[in-house]
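# A look at the structure
Each chain, letter by letter, is given below.
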Amino acid sequence: MIQKNKSIGLVLSGGGVRGMAHIGLIKAMEEHGVEANVVAGTSVGALVGALYANKNTVEEMLGFFKETPIFQYSFFTINKPGFIDTERYESMFKKYFKENTFESLKKPLFIVATDLLSGKEKVFDRGPLIKPLLASAALPPVFSPVNIDNVLYADGGIMNNFPKEYVDTRADYVIGSNVSITVPMEKKDLRNSIQLTSRVTSLMIHASNDEKLHECDLYIEPKELDKIGVLDRKGIENAFNIGYDHGSRAMERMLSKKD
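Bear in mind that the values here come from a model prediction, so they are computed numbers and not experimental data.

To continue, consider the pattern of salt bridges. Pairing between side chains of opposite charge can happen when their charged atoms approach one another. Overall, the coordinates contain nine salt bridges when judged by the stated rule. A salt bridge links Lys95 to Glu67, with the nearest nitrogen and oxygen atoms 3.5 Å apart. Of this pair, Lys95 sits in the loop between helix H4 (90–94) and strand E3 (109–115) while Glu67 sits in helix H3 (residues 58–67), and the two are 28 residues apart along the sequence. Arg126 is the salt-bridge partner of Asp125, the closest N and O atoms lying 3.2 Å from each other.

Turning to the packing of aromatic side chains, a few remarks are in order. Tallying each qualifying case throughout the model produces five aromatic pairs. Here the aromatic rings of Phe64 and Phe93 are separated by 5.1 Å at their centres, their planes lie at 80°, and the arrangement is edge-to-face. You can see Phe64 sitting in helix H3 and its partner Phe93 sitting in helix H4, a full 29 residues away along the chain. One exposure class covers both Phe64 and Phe93, and it is buried. Look at Phe64 and Tyr96: their rings are 5.0 Å apart centre to centre, the planes differ by 90°, and that puts the pair in the edge-to-face class. One end of the pair, Phe64, is in helix H3; the other, Tyr96, is in the loop between H4 and E3, with 32 residues separating them in the sequence. The exposure class of Phe64 is buried, given its relative accessible area of 2%. A relative accessible area of 15% places Tyr96 in the buried class.

Thresholds, definitions, all that
- Residues numbered from 1 in each chain as written.
- Predicted model: local features only at pLDDT ≥ 70, side-chain atom pairs only at ≥ 80, totals over all residues.
- Heavy atoms only, no water.
- Salt bridge = Lys/Arg side-chain N within 4 Å of Asp/Glu carboxyl O.
- Helix = DSSP H or I, 4+ residues; strand = E, 2+ residues; numbered from the N terminus.
- Phe/Tyr/Trp six-rings, centres within 6.5 Å; stacked < 30°, edge-to-face > 60°.
- Buried < 20%, exposed > 50% of the residue type's maximum accessible area, 1.4 Å probe, protein only.

The structure is reproduced here in structure tokens:
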């Protein structure tokens, strides 16, 4: 088992609704008395990481995702690239992050977004919180990029879907959760351009994730999440339960190991 004086880093990937598995892992960690000292996340991992760093309960975290609609018709836009105006969600986020700063969180948090203008990743860890959170989760082409200081930012998963490097120097022990699952598929499931694009994107993301994920001291990567659609809100409870089951087994493995 890990020594009590060791600091723990938690890394949470992007992956849409499948990211509810992150919350299941956090519940398992809490039940086993394991608490992360520093958190890094991308996209939905950034959102869950912020709620965790904000000391919200597991029930509050799930409530956040159940209450926040993915497709709010009044948020559809024709004036911005993307179907939905991401910045319209800001008022919903303020219910949970009233002070709206990284400094108000109870743990250090590092979240990644993609600078669409320079083509580079951008890590946010100080200053205003909500806009970087929105940017990190703004999956193109569904959600519009977010304007921060005259730069357009989009989903962090484009450049870095598993930002482990931001906790490496700040933690002795790293726990990872990857919900961007890639499993073998049948030829019949690649029938059109959308399916092809989705497959190619997931393979690219998986390739960049895989090596860093296996460098973690402990990680979960539940293959069952593949059955849950990235934007399928009906999968919230199922993804949470899958993450909890895998997280509980991982915690038992971690705490049974000797130093």
